[in-house]
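# Residue-level structural notes
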Amino acid sequence: MPPAPAFPDLRAFLDQLRQDRDLVTVEAPVDARLEAAEIHRRVIAAGGPALLFTRVQGADFPLATNLFGTARRAEMAFGTRPQQLIRRLVHLAETLLPPTPAKLWGARDLAREALRIGSSRRRSGPVMEVVTRDVRLDRLPVLTTWPEDGGPFITLPLVYTEHPDGKGHNLGMYRLQVLDARSTGMHWQIGKGGGFHYAVAEARGEALPVTVFLGGPPALILAAVAPLPENVPELMLASLIAGERLKLVDRSGKGDPGAHPLVAAAEFALTGRVPPRVRRPEGPFGDHYGYYSLRHDYPVFEVERIARRKDAIYPATVVGKPRQEDFFLGDLLQELLSPLFPLVMPAVEDLWSYGETGYHSLAAAVVKQRYPREAMASAFRILGEGQLSLTKFLFVTDRRVDLKDFPATLTHVLERTHPETDLYVFSNLSMDTLDYTGPRVNEGSKGVWLGLGDPVRDLPRDFTAPEVPQGMTDAHVFVPGCLIVGGPMYEDDPGAAARFAAHPAFAGWPLVVLTGEPRRAAASPINFLWTTFTRFEPAADLHAAATEVIRHHLSYTGPIVIDARMKPWYPEELFADEETAATVTRRWKEYFPSGKVEMGDSGTGHLTG
């Protein structure tokens, strides 16, 4: 029996959560500025339910958050169908050639599935129940989530654009800062499909039509955040995930020729344009790296019309230090797409990006090594593949290891590595827009560290030294071979990492991490990942006992020291303001009079576990 279709819209998903007692309605009045976000963070820190706020001050619509804030809810939202279908496609790709009548007959189930994929056009739909040019974005319950944010941000927008030359569409999720009642910023980062469409239009001096959907089938959200190759249609993927044709409202016959079709089941559709050569300051914004992304100039989305359901529900999410909702979506997406990696990159057997680092900061791969240094060919392939090209640091091995178990993965690599030939740093490259460890926005470096073959060393497990470098405060063994050490603040001693790398106290340790928060970094794997890989840039912050140029290769003699101290130019770590935190603590029983919703610690969240 084929898996059942996924939820057709947001409210069907909410109904199921309510039936499962995994949705709590908050009837107490709450403020969209800071208060609602802090409630959300405390609930998600405790693994709590989805939330529906019915009385958001100054807003005309209810607010739904924490929809995907547990692994169970994320899996339930999209169902088992996508993973089953992808595994079936992979199996078919591996076994169909050479084709035979028997093999083709055995694949007839996929032919039936293909008939369900696509879109169906109609004259109207729930999203068209109210259509108005009286645009009032200030009447939406748009959240301001962190105290230094530049304003309220729409955080679950599904931004739809079409290539000006008709070369396909893009559906992406790009945060939108509400600038006034009729316009928002458009945060098109580097490497984003919508940004490519805008670049073509802007070069011609033309505005780019844009439609932003809020709500609708949950499959749309997964399709929007999936790292698909350019020009692979996200609406097609959404249909594939949902198991049925995506219902679209055709607006071409409504006096609006050339207008984008609207997702019939969406809660809201904001339609308008992004004019050429217009920029306004956007940010700061507390983002999923756990710090503020800073204020920069971005294009402007001018909203001309709003279509919506008459009883529309506004969906939102809150990002910050791991693990937040985006973590559960990101890991689900990796699980979904992982069977495809060997098809797209045949020498890559397994690949995992670590959500605890913001995903782009760190990944690890198991690859084939059928001839000497073939592993680097796979590393280059990974770093040249779509969104994976933004990966900052990559561990690579050719022996099987559970990549989701980072301590085991790091130990595995350190046992096998020869840093003199296995550690590579590539400078003067692009970097994720939200990563501020590089010299300038969008610029930085990458590192690749190989650990191949059989183990070549027994790793140290205890640290003892008759003498330690000046300024060292304490030491903690994270895993065998990796030592976390405390040291002076960067501004007090910028050269401490290089000095520590040359000190004999660390001889025999392949990897040393210098941090200003050693106890915090050693508290858990999540803490180690977050405090280390979001706070260093390979070209600036990797040091070795000795470095020699051999055949134009930088050959590093261990130990390798990562300088993971906070630098003066880094953005601030995210914390709730004290007044809001006190308000939420005081009012907790007002929000949840049943007493059944646990109040987690939003300051540490999952970083303690």
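Below, the structure is looked at part by part.

## Observations regarding the nonpolar core
Of all hydrophobic cores here, the largest spans 54 residues; its most connected members are Phe 13, Phe 68, Phe 78, Leu 171, Phe 213, Leu 220 and Leu 262. One finds Val 26, Ala 37, Leu 140 and Phe 592 within the second-largest nonpolar core, a separate group that totals 48 residues.

## Considering the pattern of salt bridges
In total, this model carries 42 salt bridges according to the counting rule given. Here Glu 517 ties to Arg 535 by a salt bridge, and the two come within 2.8 Å at their closest N and O atoms. With Glu 517 in the loop between strand S27 (511–515) and helix H16 (518–522) and Arg 535 in the loop between helix H17 (525–533) and helix H18 (538–541), this residue pair connects regions lying 18 residues apart in the sequence. Several salt bridges share partner residues, and in doing so they unite Asp 9, Arg 11, Glu 267, Arg 309 and Asp 311 into one network.

## Some thoughts on the packing of aromatic side chains
The full count for this structure, using the stated rule, is 32 aromatic pairs. Consider the rings of Phe 393 and Phe 395, whose centres lie 5.2 Å apart with planes at 70°: the pair is edge-to-face. One aromatic cluster in this structure is built from Tyr 354, Phe 393, Phe 395, Phe 406, Trp 449, Phe 478, Phe 528, Phe 533 and Phe 536. When the ring centre of Phe 536 is taken as reference, the NZ or CZ atom of Lys 392 above it lies at 5.5 Å.

## A closer look at the side chain of Arg 42
Following the sequence through the fold, Arg 42 ends up in helix H2 (residues 35–45). Ignoring sequence-local partners within four residues, the contact set of Arg 42 consists of Ala 581, Val 584, Thr 585, Trp 588, Glu 598, Met 599, Gly 600 and Ser 602.

## Examining the sheet that holds strand S22 (residues 393–397)
Ordered by their spatial adjacency, five strands build an open sheet running S20-S21-S22-S24-S23, and the pairing between neighbours is mixed. The outermost strands of the open sheet, each flanked by one partner alone, are strand S20 (348–353) and strand S23 (423–430). Neighbour-to-neighbour, the strand axes of the sheet open up by a mean angle of 20°, direction not taken into account. Direction of pairing for S23 relative to strand S24 (residues 443–451): antiparallel, over a ladder of six bridges. Note that in S24 the partner of Leu 423 across the bridge is Trp 449. Contacts from helix H12 (residues 374–383) reach S20, strand S21 (362–367), S22, S23 and S24 within the one sheet, and its direction differs from that of S24 by about 145°.

## Some remarks on the pairing of strand S14 (residues 268–274)
Within a regular beta strand, the side chains point alternately toward one face of the sheet and then the other, so they alternate between its two faces. For S14, the tally of buried residues reaches six of seven residues, placing the bulk of the element in the interior. As judged from the seven bridges shared by strand S11 (residues 208–214) and S14, these two strands associate in the antiparallel manner. By the bridge assignment for S14, Leu 208 is matched with Val 274. Summarising the sheet, S14 and strand S18 (residues 296–308) pair through six bridges and their orientation is antiparallel. Bridge assignment links Thr 271 to a residue of S18, and that residue is Arg 305.

Conventions and cut-offs
- Residues numbered from 1 in each chain as written.
- Predicted model: local features only at pLDDT ≥ 70, side-chain atom pairs only at ≥ 80, totals over all residues.
- Heavy atoms only, no water.
- Core = buried A, V, L, I, M, F, W, Y, C linked by side-chain atoms within 4.5 Å.
- Buried < 20%, exposed > 50% of the residue type's maximum accessible area, 1.4 Å probe, protein only.
- Salt bridge = Lys/Arg side-chain N within 4 Å of Asp/Glu carboxyl O.
- Helix = DSSP H or I, 4+ residues; strand = E, 2+ residues; numbered from the N terminus.
- Phe/Tyr/Trp six-rings, centres within 6.5 Å; stacked < 30°, edge-to-face > 60°.
- Lys NZ or Arg CZ within 6 Å of the ring centre and 35° of its normal.
- Contact = heavy atoms within 4.5 Å.
- Pairing = 2+ DSSP bridges.
- Axes fitted to C-alpha atoms, helices over the stretch in contact; angles between N-to-C directions.

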